[in-house]
Amino acid sequence: DGDPGFSLTGFYWGTTTGFGYLSDFTYKAGNGTDEANWSFVGLSPGLYEVSATWSSGSNRATNAPYSVSTDGTSFGSPILVDQQVDPRADRSEGDVPFQLLSSSVEVDSRGLLSVSLGNNANGYIIADAVRVRRLGATVVAVESGYGTSISEGVGSDSYDLSLSSLPTGQVEIE
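Reading guide: rules and limits
Every residue gets a number counted from 1 within its own chain, in the order that chain's sequence is written. Restriction of local features to residues with pLDDT of at least 70 applies here, the model being predicted, together with a cutoff of 80 or more for giving and counting side-chain atom pairs; totals for whole chains, interfaces and linings are based on all residues. Hydrogens and waters are ignored; side-chain quantities use all the structure's heavy atoms. Counting from the N terminus, the helices are the DSSP runs of H or I reaching at least four residues and the strands are the DSSP runs of E reaching at least two. Relative accessible area decides the class of each residue, using a 1.4 Å probe on protein chains only: under 20% of the type maximum gives buried, over 50% gives exposed, and in between gives partly exposed. Contact definition: two residues touch when any of their heavy atoms are within 4.5 Å. All accessible areas in this document rest on Shrake-Rupley with a 1.4 Å probe, and a residue is counted as covered only by the protein chains that are shown. Strands qualify as paired when DSSP identifies two bridges or more between them. Only one rule defines a salt bridge in this text: a Lys or Arg side-chain nitrogen within 4 Å of an Asp or Glu carboxyl oxygen. All axes here are fitted lines through C-alpha atoms, helices being fitted over the stretch that makes contact, and every angle between N-to-C directions spans 0 to 180 degrees.

**Q** Explanation requested: the overall build of the protein chain in the structure shown.
**A** In terms of regular secondary structure, the protein chain is built from zero helices and 14 strands. Each helix and strand of the protein chain, ordered N terminal to C terminal, gives the series β-β-β-β-β-β-β-β-β-β-β-β-β-β. In the protein chain, which comprises 174 residues, the proportion classed as buried is 35%. Put simply, of all contacts in the protein chain between residues at least 6 apart along the chain, 65% involve residues at least 24 apart. Split by element, the accessible area of the protein chain, about 9900 Å² in all, is 49% carbon and sulfur.

Structural data, given as structure tokens:
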């Protein structure tokens, strides 16, 4: 929240500092029609995964409704998230856990992806941060020798890299 591409509809949103991703988050009471929106533009065409984080608490919604879209139309039903509990650490940025909302969103040549969080919920909704990651091949270059081997994960940027018999000192992976 607070970054380019983040916007709010409606009035009376609150902001808290000192907590959440990058030490702030936006919140609003439930049972309304307002939304927090994250818009990502200029993305390369392809498949993306979308995840979110929030600061949990007992007054939070157990049915916070997230929607994901690439053309202004949401994919299926809202993704309901229990914000009374910490996000599952499906992904992370530093030590902040992000819970997966969608594992496969196709972005076309327009390069648009948006995520919204509505306040039609049974408690406070916490609009903290959304993370998008392009799925697909990533080039990994490792200098041969020193017992290196690489096995590629299927359909993602996940690789297992095994290094053995390395020389003493700094090792760089490009």
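**Q** In this structure, what is going on with the pairing of strand 2 (residues 14-17)? I would like to understand it.
**A** Successive residues of a regular strand alternate their side chains across the two faces of the sheet. In this sheet, strand 3 (residues 24-28) lies alongside strand 2 in antiparallel orientation, the contact comprising four bridges. Residue pairing across strands places Thr16 opposite Phe25, the latter belonging to strand 3. Taken together, strand 2 and the strand that follows it, strand 3, pair antiparallel across an intervening segment of six residues, in which Gly18 is found at a positive phi of about 95°.

**Q** Could you clarify how one ought to interpret the environment of Ile79 in this entry?
**A** Within the secondary structure, Ile79 is located in strand 7 (residues 79-81). Separated by 12 residues in sequence, Ile79 and Ser67 place their C-alpha atoms 6.2 Å apart.

**Q** Honestly, the pattern of salt bridges in this entry has me stumped. Any pointers?
**A** Close approach of charged atoms allows side chains with opposite charge to pair. All told, the structure shown has seven salt bridges when counted by the stated rule. Its salt-bridge partner being Arg88, residue Asp90 comes within 3.1 Å of it at the nearest N-O pair. Accessibility expressed as a relative area gives 25% for Asp90, which makes it partly exposed. Taking relative accessible area as the criterion, Arg88 reaches 47% and is therefore assigned partly exposed. Ionic contacts of the salt-bridge type, sharing partners, join the residues Glu49, Arg91, Glu93, Arg131 and Arg133 into one network.

**Q** Can you help me understand the environment of Trp38 in this one?
**A** Position of Trp38 among the secondary structure elements: in strand 4 (residues 35-40). What makes Trp38 buried here is its relative accessible area of 7%.

**Q** Would you mind showing me how to read the sheet that holds strand 7 here?
**A** Two strands in a sheet stick together by hydrogen bonds in their backbones, pointing the same way (parallel) or opposite ways (antiparallel). On the basis of which strands lie adjacent, the open sheet formed by five strands has the order 1-4-10-6-7 and antiparallel pairing. Looking along the sheet, the strands with just one partner apiece sit at the ends: strand 1 (6-8) and strand 7. Across the sheet, the mean angle from the axis of one strand to that of its neighbour is 20°, orientation sign disregarded. In this sheet, strand 4 lies alongside strand 1 in antiparallel orientation, the contact comprising three bridges. Within the sheet, the bridge partner assigned to Leu8 lies in strand 4 and is Ala36.

**Q** Explain the sheet that holds strand 5 (residues 46-53) here, please?
**A** Reading across the sheet, the four strands line up as 8-9-5-12 and stay open at both edges, with antiparallel pairing between neighbours. Among the strands making up the open sheet, the edge pair consists of strand 8 (91-93) and strand 12 (129-134). Averaged over all neighbouring strand pairs, the angle between strand axes comes to 40°, with direction disregarded. Where strand 5 meets strand 9 (residues 96-107), six bridges bridge the pair, whose relative direction is antiparallel. Pairing of Leu47 across the sheet is with Glu106, part of strand 9.

Everything listed is a geometric property; what it means functionally is a separate question.
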